[in-house]
Amino acid sequence: QESRDAGSGGRTLALAALRGHLCAAYCVVFDRTGRRLVTGADDGHVKTWCTTTGLLQHTLRGHAAEITDVVVSPDNVHVVSSSLDATVRVWRLSRGEPVAVLMHDGPINAIAFSPNFGPGADPDSQPAEEAGTGVAAQAACRGSAAEAAGAGGA
């Protein structure tokens, strides 16, 4: 499919139409290799796609409301999603398996990985609950990591 780029007058080529979400997908991120695309949508689902074929790889279910953000871990092992349902969910990127659920008392709008976490990081600078796991979604929320980890099971 070809379409006009109104800004430059040039043409853009649509490489693939990713069909699978029931609602608008506002969160889109590539994995660190560029081989996968991760989308989060208002249908509450996170999906992983093969960028070579455009085929759906996994549908990650668990959120009960709109997805507000998705991020891929620096080591490309996990994808983390946040939602208006007040949860942050951690998934294994390659298999689409759930790893952890962090709960909060209100909607979560954005998430990020700490630059001080993961392989090669100083374990003394990490909360004990997260040290060595390779997973540290830093949700912009109140409460300690211990409270969040204790409130939600995988």
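These numbers were taken from a predicted model, which means no experiment stands behind them.

J.: I tried to follow the side chain of Lys 47 on my own but got confused; where do I start?
T.: Note that Lys 47 resides in strand β5 (residues 46–50). Only 2.9 Å separates the side chain of Lys 47 from the side chain of Thr 59, close enough to count as a polar contact.

J.: Looking at this structure, how should I read the nonpolar core?
T.: Grouped burial of nonpolar side chains is what soluble globular proteins tend to show. Counting ten residues, the largest nonpolar core is built from Cys 27, Val 38, Val 46, Leu 60, Ile 67, Val 70, Val 72, Val 79, Trp 91 and Leu 93. Sort the elements by how many residues they give to this core and strand β7 (residues 67–72) lands first, with three residues. In contact with Val 70, other than residues within four places in its own chain, are Cys 27, Val 28, Val 29, Val 38, Gly 40, Val 46, Val 80 and Ser 81. Of all hydrophobic cores here, the second largest spans eight residues; its members include Val 71, Val 80, Val 88 and Leu 102.

J.: Would you take a moment to explain the pairing of β7 for this structure?
T.: In regular strands, side chains alternate between the two faces of the sheet. Extensive coverage of β7 is indicated by the burial of five of its six residues. Between the antiparallel neighbours β7 and strand β8 (residues 78–83) lie five residues, among them Asn 76 with a positive phi of about 65°.

J.: Would you explain unusual backbone geometry in this entry?
T.: Backbone geometry places Asn 76, a non-glycine residue, at a positive phi of 65°. Assignment of secondary structure puts Asn 76 in the loop between β7 and β8. Overall, Asn 76 belongs to the buried group, its relative accessible area being 16%. If you check the backbone angles, Ala 86 has positive phi at about 70° while not being a glycine. When you line up the elements, Ala 86 lands in the loop between β8 and β9 (87–92).

J.: I'm lost on the sheet that holds strand β10 (residues 97–103) in this one. Help?
T.: Paired through backbone hydrogen bonds, the strands of a sheet run either parallel or antiparallel to each other. Read across the sheet, four strands follow the order β7-β8-β9-β10 without closing on themselves; strand pairing throughout is antiparallel. Single-partner strands in this sheet number two, and they are β7 and β10. Geometrically, the sheet is characterised by an average inter-axis angle of 20° between neighbouring strands, direction not taken into account. Looking at chain direction, β9 and β10 are connected through six bridges and run antiparallel.

J.: What is the right way to read the sheet that holds strand β3 (residues 25–30) from this model?
T.: One open sheet accounts for four strands, arranged β3-β4-β5-β6; its pairing is antiparallel. Every other strand in the sheet has two partners, leaving β3 and β6 (56–60) as the edge strands with one partner each. On average, adjacent strands in this sheet sit at an angle of 20° to one another, irrespective of strand direction. Relative to β5, strand β4 (residues 36–41) runs antiparallel, the two being bridged by five bridges. The residue bridging Gly 40 from the neighbouring strand is Val 46, located in β5.

Definitions and cut-offs
- Residues numbered from 1 in each chain as written.
- Predicted model: local features only at pLDDT ≥ 70, side-chain atom pairs only at ≥ 80, totals over all residues.
- Heavy atoms only, no water.
- Helix = DSSP H or I, 4+ residues; strand = E, 2+ residues; numbered from the N terminus.
- Polar contact = N/O pair within 3.5 Å; in protein donor to acceptor, adjacent residues only side chain to side chain.
- Core = buried A, V, L, I, M, F, W, Y, C linked by side-chain atoms within 4.5 Å.
- Buried < 20%, exposed > 50% of the residue type's maximum accessible area, 1.4 Å probe, protein only.
- Contact = heavy atoms within 4.5 Å.
- Pairing = 2+ DSSP bridges.
- Axes fitted to C-alpha atoms, helices over the stretch in contact; angles between N-to-C directions.

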